[in-house]
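Fold and geometry: a report
So you can see what is in the structure, the chains are spelled out below.
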Amino acid sequence: MNQNKRIQIFERWSAANPAPTTELIHGSPFELLIAVILSAQATDKSVNKATQPLFARANTASAILALGEDELRTHIRNIGLFNSKAKNIIKTCAILVAEHEGQVPRDRQALESLPGVGRKTANVVLNTAFGELTMAVDTHIFRVSNRTGIAPGKTPLAVERALLRHIPKRFLKNAHHWLILHGRYTCLARKPRCPECLIADLCDYRDKTAAAV
DNA sequence: AACTCGGGGCA
DNA sequence: TGCCCAGAGTT
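Under an unreviewed UniProt entry, the name given to chain A is Endonuclease III, and the organism recorded is Thiocapsa imhoffii. According to the UniProt record, the Catalytic activity (unreviewed entry) comment for chain A is "2'-deoxyribonucleotide-(2'-deoxyribose 5'-phosphate)-2'-deoxyribonucleotide-DNA = a 3'-end 2'-deoxyribonucleotide-(2,3-dehydro-2,3-deoxyribose 5'-phosphate)-DNA + a 5'-end 5'-phospho-2'-deoxyribonucleoside-DNA + H(+)". The UniProt entry for chain A carries this comment under Sequence similarities (unreviewed entry): "Belongs to the Nth/MutY family."

Now the structure itself:
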């Protein structure tokens, strides 16, 4: 895909949806970290439903530790993969207290060494809590980047680097949100809604695949 | 690269 | 009912 096409795509998204926001409810960096760990392969609705009462009860690493794994588990029982997430969150809180004075570290390596925190979660925290320009490549962004041709790559990390390299700087800050929304509501995994797609005429995917409507 | 965890939402 | 979810860890 040439750069001219890319610019047209982001200008359309910019005009259509100028105000990006995170849909996960969070106040502090710690609440964000926990909410993002919980959101892996889960919907933001089910996460918010659980985290509101949880954070009212305990919203720091030491408070979650005081709560204990069993009570934490009951709080997040409505979220998928809750069993392993409860264990990971307890371990992570213990590390935060022991090695980071109970705070969320502003450091990629330190974040990714926390149980339950991978590249994608670390990128969300660095971006949303600390204002760093990162691309958190989830399944939506991976699919949309490859289908459209905006930033092709065989792995999420390759797509992440391609996005940072190819997206014009003035669009970089909001690009993450637009890509997510596009994947979530238009460029669906199984049945892409090409007829109602804002950028169908600029997309590498449409007309090249039988699945593209 | 493939597999597993996993309840909830939505068509 | 079947399929997917703002993934990570292990084999």
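Notes on the packing of aromatic side chains
Summed over the entire model, instances satisfying the criterion amount to four aromatic pairs. Centre to centre, the rings of Phe-10 and Trp-13 are 5.4 Å apart; their planes meet at 85°, and the pair counts as edge-to-face. Here Phe-10 and its partner Trp-13 are both found in helix 1 (residues 3–16), three residues apart, which amounts to about one turn of the helix. Assessed through its relative accessible area of 0%, Phe-10 is described here as buried. The buried category is assigned to Trp-13, whose relative accessible area is 5%. Here the aromatic rings of Phe-10 and Trp-178 are separated by 6.3 Å at their centres, their planes lie at 45°, and the arrangement is tilted.

Side note on the protein's contact with DNA strand C
DNA strand C sits among 24 residues. The nearest are Gly-116, Thr-121, Asp-138, His-140 and Arg-190. Per the 4 Å cut-off to the protein, sugar and phosphate atoms form 62% of the nearby atoms of DNA strand C. A distance of 2.7 Å separates a phosphate oxygen of DNA strand C from a polar backbone atom of Gly-116. Between a phosphate oxygen of DNA strand C and a side-chain N or O atom of His-140, the distance comes to 3.0 Å. Among the secondary structure elements, those contributing two or more residues to the surface near DNA strand C are helix 8 (119–128), helix 9 (139–148) and helix 11 (169–186). Taken together, the residues that form the surface near DNA strand C break down as seven nonpolar, ten polar and seven charged.

Side note on the layout of surface pockets
In this structure, the second largest pocket spans a volume of roughly 170 Å³. Residue lining of the second largest pocket: Trp-13, Ala-16, Asn-17, Trp-178, Leu-181, His-182, Thr-186, Glu-196 and Leu-198, and that is the complete set. Of all the elements, helix 11 adds the most residues to the lining of the second largest pocket, at four residues. For the lining of the second largest pocket, the per-class residue count stands at five nonpolar, three polar and one charged.

Calculation rules
Residues numbered from 1 in each chain as written. Chains lettered and ligands numbered in written order. Predicted model: local features only at pLDDT ≥ 70, side-chain atom pairs only at ≥ 80, totals over all residues. Heavy atoms only, no water. UniProt positions renumbered as here; feature names shortened; annotations may be inferred. Phe/Tyr/Trp six-rings, centres within 6.5 Å; stacked < 30°, edge-to-face > 60°. Helix = DSSP H or I, 4+ residues; strand = E, 2+ residues; numbered from the N terminus. Buried < 20%, exposed > 50% of the residue type's maximum accessible area, 1.4 Å probe, protein only. Near = heavy atom within 4 Å. Polar contact = N/O pair within 3.5 Å; in protein donor to acceptor, adjacent residues only side chain to side chain. Nonpolar A, V, L, I, M, F, W, Y, C, P; charged D, E, K, R; others polar. 1 Å grid on protein atoms, 1.4 Å probe; cavity = no way out; pocket = protein on both sides within 12 Å on 5 of 7 lines; lining within 4 Å. Points joined across faces, edges and corners; volume = space filled by probe spheres on them.

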